[in-house]
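Close look at the chain arrangement
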4 protein chains.
Amino acid sequence: MNPIDLRSDTVTRPTPAMRAAMAAAEVGDDQYGEDPTTNALQRRCAELLGKEAAIWLPSGTMANQVALRVLTRPGDEVVAARECHAAWHETGGSAANAGVQIVEVGRGGVFDVDELEAAIKPRGLPVFPPTTLVQIENTHNRAGGVVVPQAMVERVCTRARELGLASYLDGARLWNAAIASGRPEAELAAPFDLVGVSFSKGLGAPGGSLLAGPRALITACDRHRRMLGGAMRQNGIFAAAALHALDQHRERLAEDHRNARVLAEALAGCPGVELDLATVQTNIVVFRLAPGAPDAASLVARARERGVLLVAFAARTVRAVTHLDVDAAQTARAATVLGELLAR
Amino acid sequence: MNPIDLRSDTVTRPTPAMRAAMAAAEVGDDQYGEDPTTNALQRRCAELLGKEAAIWLPSGTMANQVALRVLTRPGDEVVAARECHAAWHETGGSAANAGVQIVEVGRGGVFDVDELEAAIKPRGLPVFPPTTLVQIENTHNRAGGVVVPQAMVERVCTRARELGLASYLDGARLWNAAIASGRPEAELAAPFDLVGVSFSKGLGAPGGSLLAGPRALITACDRHRRMLGGAMRQNGIFAAAALHALDQHRERLAEDHRNARVLAEALAGCPGVELDLATVQTNIVVFRLAPGAPDAASLVARARERGVLLVAFAARTVRAVTHLDVDAAQTARAATVLGELLAR
Amino acid sequence: MNPIDLRSDTVTRPTPAMRAAMAAAEVGDDQYGEDPTTNALQRRCAELLGKEAAIWLPSGTMANQVALRVLTRPGDEVVAARECHAAWHETGGSAANAGVQIVEVGRGGVFDVDELEAAIKPRGLPVFPPTTLVQIENTHNRAGGVVVPQAMVERVCTRARELGLASYLDGARLWNAAIASGRPEAELAAPFDLVGVSFSKGLGAPGGSLLAGPRALITACDRHRRMLGGAMRQNGIFAAAALHALDQHRERLAEDHRNARVLAEALAGCPGVELDLATVQTNIVVFRLAPGAPDAASLVARARERGVLLVAFAARTVRAVTHLDVDAAQTARAATVLGELLAR
Amino acid sequence: MNPIDLRSDTVTRPTPAMRAAMAAAEVGDDQYGEDPTTNALQRRCAELLGKEAAIWLPSGTMANQVALRVLTRPGDEVVAARECHAAWHETGGSAANAGVQIVEVGRGGVFDVDELEAAIKPRGLPVFPPTTLVQIENTHNRAGGVVVPQAMVERVCTRARELGLASYLDGARLWNAAIASGRPEAELAAPFDLVGVSFSKGLGAPGGSLLAGPRALITACDRHRRMLGGAMRQNGIFAAAALHALDQHRERLAEDHRNARVLAEALAGCPGVELDLATVQTNIVVFRLAPGAPDAASLVARARERGVLLVAFAARTVRAVTHLDVDAAQTARAATVLGELLAR
Ligand SMILES: [Ca+2]
Ligand SMILES: [Ca+2]
Ligand SMILES: [Ca+2]
Ligand SMILES: [Ca+2]
Ligand SMILES: [Ca+2]
Ligand SMILES: [Ca+2]
């Protein structure tokens, strides 16, 4: 029996229909701008995100790194929510590739105008790094897939603009935020100069991300995509998967959210589990294990023996993610297994 | 009628058989090391290249950039052949990503031990950048796809090792060098610490490259692949194309070489064309246009009108590349068209 | 009347005796290693700090930046106390020059082993930046010149070594820590791989800092000093000032500490001033202004009108520093002025 | 007897009068912009160089590195004369600090418009690094202290401006160029956006360089000076030496030029010496040793035994530099010694 893999929404395998779309994709050399399927994906996403232009990239990490390179200069400071992907999950790339310091603020994956303002070091004093960019991750992965309240997003981006800061939306899971909030992606993206989205997470494509923004900025992104080694060739194969996913897998994210909720409610009732159900808004469940409960590595190991895969996010923190390849029955089964493992 | 596209061997579209292989690929999440097709490709290429381990990457540029990052430190100097890809075609990445200076030496895409030695600035004097890496591009693209004589490769790498330098083979077109020289890839790669190959050029895959070397070095490459944004997910789709290409498209490179030769001989006979036939060893033809002949931009534009696509490499330099999607008849047709355009 | 300048201990002007020492300095070209006074300073400080070798640098910022470059690689993570100089007062250099992320931990300028351990992201997971360096700033400037308890320093450095991390002491004000703790500098520096000290702060020299450590590391520092542009020539002029300061101005730091204490006690009694006297251990007084009190910019501006110079460290935070050019009478005068300005 | 030190014009020791000026310098904290002597030096040099503003830095290397940082972005390409200081004598800093590639062109330390144009890679093709800066070193050290013809400078800078490139003058020895050409420094500097000069070479100060240009650019330089660790404190000590040198040691450079000429003419007559007297225009003599003559290391070692210090610039290349601390009699003595060592 296949394990129930809740490690990440990236583990999904392409469906037969997605494979068929890939096999039939019309392709060309994307480095000459001649891949018709990539071009179609870029046009469609630009429209969907309400931006002028868009560019495909191999990964969400590259989207974030390219965004940093085009929106900052080495020595600049970036304000972002605590435990954001760019500071935690890109193996130090933000400093190594773009030469920037990320200042992590707020809590629970969000921050408001006062926290932005407090994080900006006094201007005009040349000792301090200048803050030139604010970044919001929506949904916020390590905070448990929370959706950043749109009014807060708008306040922060408006203030950023007043202060002369650029703004970037790390929307690797923006699709989930849209479904959960009932707001179209373009509305969620509107306050930002540049927005990144990912096709390989909840949407279930085998790879690929995208940046959208004004055409001049996307042209700059194109150069940095190439400089980092992300310019590929007959990329329509992957673009076809993304287009298929946009058509077929966007609405169904609601199902992942329901499954995550079911799992979270079961976990919240287990002894030794610290889990604020208010944070479970999309497809991610992050919970802490209190003293007395097994630690993260132990729980992950025992669950694996029972056919349930999780990720240890920290010494006593575990993440479970629902997705296309885990249905309601499997979710229920996982909840049962974890309940047994956590029972005193 | 489709144009005869001689701009690059990257423009090939996957064949039906390759598409079928991709559609049927067994996949998993490559960031967890669980993509079986990628793993199979990595094992096979490690063996084929005579190295301990290997890692897939999205592009030849990323292979080169990761190689620089793991084999040097910022401020180091790298000796390479004049007009190498890393200095010319990676939009400044070598300095921006790895912080290194490339010292271009030799001529015609090759350099020997004396040129390596002359390029190493005196040691022990702290003003000079220390040379820590020698890089060979084989075949060498801008020099016309020339194969670096293996005895020269061995001399240079032996001397490099004596001098404490690491060595890297940019073998994006190593497959062509192997066919042209009759030497297996492992023999060509043996003198080097690390070797990069590409699947998206002559082999005709839609994307992807690979680095092979000792396991500890490949582990370091894995981190830098991630840091640059090259770690993807169900990458078996692309790996399947590469495996298919290794099986089906390696031997047939000889055909591309014959076609390139036919084209080159025709061009060499045209007035105003400067082309040393001795440089036409594989699938690339680089020729110069003498004063009196049209310049590169003009020839490229006129050929395009006639259905033949070329690349202007410099003001009076043009490149034509043969590949899987151009057969002998098309090559002959291209030769005729170019002959007519170049006739006085 | 000259203002009472409490902005920083860097504002001191060389005394007549120090000027005489500079004017008489024996000099040579330090880039050839031939400046006898610089050599003498380096030998003396190596001994004083209990290290094998030492190297002069133009500033404490360069000492910190060179330390990061020799002890880390781009993409690494560095654990340091919250609001450390390298993250806050070097205008983004740590990321721009060395490509590292600084993780700020603890509170009040110190952190212990548990906080170090919690800050190190799980190893073996390639998404996380690897932590390779721990840095301690002693005394810690922005925390109010606190001395890090030596037992804590030893615990942290011992644990760092066990974990394979390098350790660096930003000892720009190590001289103050030595006087305040009654421990020799060599004892304070012993747990660290590399230590930086500054001559231009409490010691009163017009410029210059120094790194001390094992000879191989100092040789590496020499190269990076040059690469950053810090290699000078007849540097004995500045080295003579530093030697004079070591002889004449080290013991007298106790006087600055007494003055700071007097000032702090006066401030602590003012309405609206938040100041924990336990943090006032050396020559720095950092205090917060509660709501109702003037904000930092206002207090700084009004004090300037009355001949007392302070620094606004944040919107409601102010720093005052005692030093060689402020005696007990001036300190008392400053306390009176500030008391009047802060009276309700 | 003291050796006759012809290794560099950096070895000069401050004269008694310069020491007196330094000892008497009025100083303040330059990081607060309050060092009156540094301010006076900056104003005077801005005027002397015909620019709006200027900033002191510890070394010529830092001046060059800061110039690269403010005039380029990582990944850019810089065109400069072959064997320029920034590529050869700054231990790899241009790539490590600024992320740029330097393309070395021309010969004999100079290049003209056609060489600039040929070095700029085709625009609009995203594979090529964009050229954004042209740099001229005047006088050019490794080419033998040659003065770049001002008409050529003007042509190159005019064309650079038309092409949208910034321009930088590495004028570490601009004072020599001014004396040799009879043109004021402001005229030599006029074509450039930014100009660097050095006080520690022919002018005989113990250290220090300066950048001059438009005020906004100098403000940006100030930040990068700080980020690299070049912001010092009571810097008026060094500024006083520079001001004294401007007054007392500028006109006398003609004497150094005469001495260099005498030495060069003697050397040119020696067997095995290859020396084009046309290159000996200022205070530097670079000559090659033909096969049959001793190599550079041998000649340098034997001359040292006879009390004459030289530098080996390459395996068979030697540099001798005249300066303030070598008079005509010592020059004649050095010529005699070298003549004896080179006699067959
Ligand atoms: Ca997937
Ligand atoms: Ca292809
Ligand atoms: Ca075909
Ligand atoms: Ca001072
Ligand atoms: Ca000097
Ligand atoms: Ca003298």
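Everything numeric in this text was worked out from a predicted model, so none of it was measured. Sequence positions are assigned chain by chain, starting from 1 and proceeding in written order. Here chains are named by letter from A upward and ligands by number from 1 upward, in the order in which they appear as written. A pLDDT threshold of at least 70 governs which residues receive local features in this predicted model, and a stricter bar of 80 or more applies before side-chain atom pairs are shown or counted, although totals over entire chains, interfaces and linings include all residues. Each side-chain value is derived from all of the structure's non-hydrogen atoms; neither hydrogens nor water enter the calculation.

**A few points about the relation of the copies chain C and chain D**
For the pair chain C and chain D, the best superposition has an RMSD of 0.0 Å and corresponds to a rotation of 180 degrees with a translation of 0.0 Å parallel to the axis. Classification of the inter-copy transformation places it as that of a two-fold axis. For this analysis, residues touch if any pair of their heavy atoms sits within 4.5 Å. Mapped onto chain D, 100% of the interface residues of chain C are again interface residues, and the two copies thus contact each other with one and the same surface. A residue counts toward the fit only if its pLDDT is at least 70 in both copies, and the copies are then superposed by least squares on the C-alpha atoms of those residues.

**Quick look at the coordination of the calcium ion (ligand 1)**
Metal sites are built from N, O and S donor atoms within 2.8 Å, or 3.2 Å for Na, K and Ca, and they leave out water, so they may look incomplete. Bound to the calcium ion (ligand 1) on the protein side are T12 of chain A (O), T12 of chain A (OG1), A205 of chain A (O) and Q234 of chain B (OE1), at distances that span 2.5 to 3.0 Å. With A205 of chain A in the loop between β7 (194–198) and β8 (209–213) and Q234 of chain B in the loop between α10 (215–228) and α11 (236–248), the pair connects residues from two separate chains. Summarising the burial analysis for this pair, A205 of chain A and Q234 of chain B share the class buried. What counts as a helix is a DSSP run of H or I of at least four residues, what counts as a strand is a run of E of at least two, and both are numbered from the N terminus. The buried label applies to any residue whose accessible area, calculated with a 1.4 Å probe on protein chains only, is under 20% of its type's maximum; exposed applies above 50%, and partly exposed to all values in between.

**Examining the UniProt feature "domain: Aromatic amino acid beta-eliminating lyase/threonine aldolase" (unreviewed entry) in chain A**
UniProt positions are given in the numbering used here, feature names are shortened, and annotations may be inferred rather than shown by experiment. As recorded in UniProt, the sites labelled "domain: Aromatic amino acid beta-eliminating lyase/threonine aldolase" (unreviewed entry) are residues 5–288 of chain A. Structurally, residues 5–288 of chain A comprises 42% helix and 16% strand, and the distance from its first C-alpha atom to its last is 19 Å.

**Quick look at the interface of chain C and chain D**
Taken together, the contacts link 49 residues of chain C with 49 residues of chain D. For the chain C and chain D pair, buried surface summed over both sides reaches about 3,600 Å², with 52% attributable to carbon and sulfur atoms. By convention, the term buried area covers the 1.4 Å-probe accessible surface removed from two parts as they join, with the contributions of both added. Contact with chain D buries area across many residues of chain C, yet R19, T91 and Q234 of chain C alone supply 16% of it, more than any other trio. Counted as salt bridges are all cases of a side-chain nitrogen of Lys or Arg within 4 Å of a carboxyl oxygen of Asp or Glu. At the junction of chain C with chain D, the criterion picks out two salt bridges. One salt bridge connects R7 of chain D with E34 of chain C, and the closest N-O pair in it is separated by 2.7 Å. Between N or O atoms, a polar contact is any pair within 3.5 Å; within protein, one atom must be a potential hydrogen donor and the other a potential acceptor, and residues adjacent in sequence are included only when both atoms are from side chains. The interface formed by chain C and chain D contains 28 residue pairs in polar contact (both at pLDDT 80 or more). Those elements giving two or more residues to the side of chain C that touches chain D turn out to be α1 (16–23), α3 (60–71), α5 (93–98), α10 (215–228) and α11 (236–248) of chain C.

**Examining the sheet that holds strand β10 (residues 284–289) of chain C**
Residues and elements named next belong to chain C. Only when DSSP finds a minimum of two bridges between them are two strands counted as paired. Taking strand neighbours across the sheet as the criterion, the four strands line up as β9-β10-β13-β12 in an open arrangement whose pairing is antiparallel. The sheet terminates laterally at β9 (273–274) and β12 (311–314), the two strands that pair on one side only. Pairing geometry for β9 and β10, over two bridges, is antiparallel. Looking across to β10, one finds that V273 is bridged to L289. Across the sheet, helix α13 (residues 296–305) is in contact with β10, β12 and β13 (317–321); its angle to β12 comes to roughly 175 degrees. Simply put, an axis is a line fit to the C-alpha atoms, just over the touching stretch for a helix, and the angle between two N-to-C directions goes from 0 to 180 degrees.

**Looking at helix α14 (residues 328–342) of chain A**
All names here are of chain A. Expected span of a helix, by definition, is 1.5 Å for each gap between consecutive residues, and there is one gap fewer than residues. Taking 1.5 Å as the rise per residue, α14 with 15 residues should run 21 Å; its terminal C-alpha atoms sit 21 Å apart, in good agreement. Every buried residue of α14 is listed here: T331, A334, A335, V337, L338, L341 and L342. Taken down its axis, α14 places every buried residue within 165 degrees of arc, on the same side. Of the surrounding secondary structure, the elements contacted by the buried residues of α14 are β1 (4–5), α12 (253–268), β9 (273–274), β10 (284–289), α13 (296–305) and β11 (308–309). Sitting at the amino-terminal end of α14 is D327, which places a side-chain oxygen 3.2 Å from the backbone nitrogen of A329. It is the directions from the helix axis to the C-beta atoms whose arc is reported.

**As for the pattern of salt bridges**
The final tally for this structure, using the stated rule, is 80 salt bridges over all chains. With a closest N to O distance of 3.6 Å, R288 of chain C and E274 of chain C form a salt bridge. Placement of R288 of chain C in strand β10 and of E274 of chain C in strand β9 is noted, with a sequence separation of 14 residues between them. Overall, R288 of chain C belongs to the partly exposed group, its relative accessible area being 41%. Using a relative accessible area of 42% as the deciding quantity, one classes E274 of chain C as partly exposed. Here R306 of chain C makes a salt bridge to E340 of chain C, at a shortest N to O gap of 2.6 Å. Of this pair, R306 of chain C sits in the loop between α13 and β11 (308–309) while E340 of chain C sits in helix α14 (residues 328–342), placing them 34 residues apart in sequence. Residue class for E340 of chain C comes out partly exposed when judged on its relative accessible area of 43%. Within this structure, D5 and R7 of chain A together with E34 of chain B form a network of salt bridges that share partners.

**Remarks on the relation of the copies chain B and chain A**
What relates the pair of chain copies is a rotation about an axis plus a shift along that axis. The two copies are related by a screw motion: chain B maps onto chain A through a turn of 180 degrees and a shift of 0.0 Å along the axis, at an RMSD of 0.1 Å. With an isologous cut-off of 70% or more, the 100% of interface residues of chain B that recur at the interface of chain A puts this contact in the isologous class.

**Some points on the environment of G236 of chain B**
All names here are of chain B. Counting through the fold element by element, G236 comes out in helix α11. The spacing of G236 and T37 is 199 residues in sequence and 4.8 Å in space, taken between C-alpha atoms. Discounting residues that sit within four places of it in the chain, G236 has contacts with A25, E26, V27, D35, T37 and T38.

**Notes on the domain arrangement of chain A**
Residue and element names in this part refer to chain A. Where a domain begins and ends is set by an automatic assignment or by a domain database. We note that the domain assignment places domain 1 (16–248) and domain 2 (252–342) within chain A. Both sides together, the interface formed by domain 1 and domain 2 hides about 1,300 Å², and carbon and sulfur atoms give 57% of it. Summed over the three residues of domain 1 that lose the most area to domain 2, namely R142, G144 and N176, the buried surface amounts to 33% of that side. Put simply, domain 1 and domain 2 have five residue pairs in polar contact (both at pLDDT 80 or more) between them. Broken down by element, the residue count for the side of domain 1 that touches domain 2 peaks at four residues, all from helix α8 (residues 174–181).

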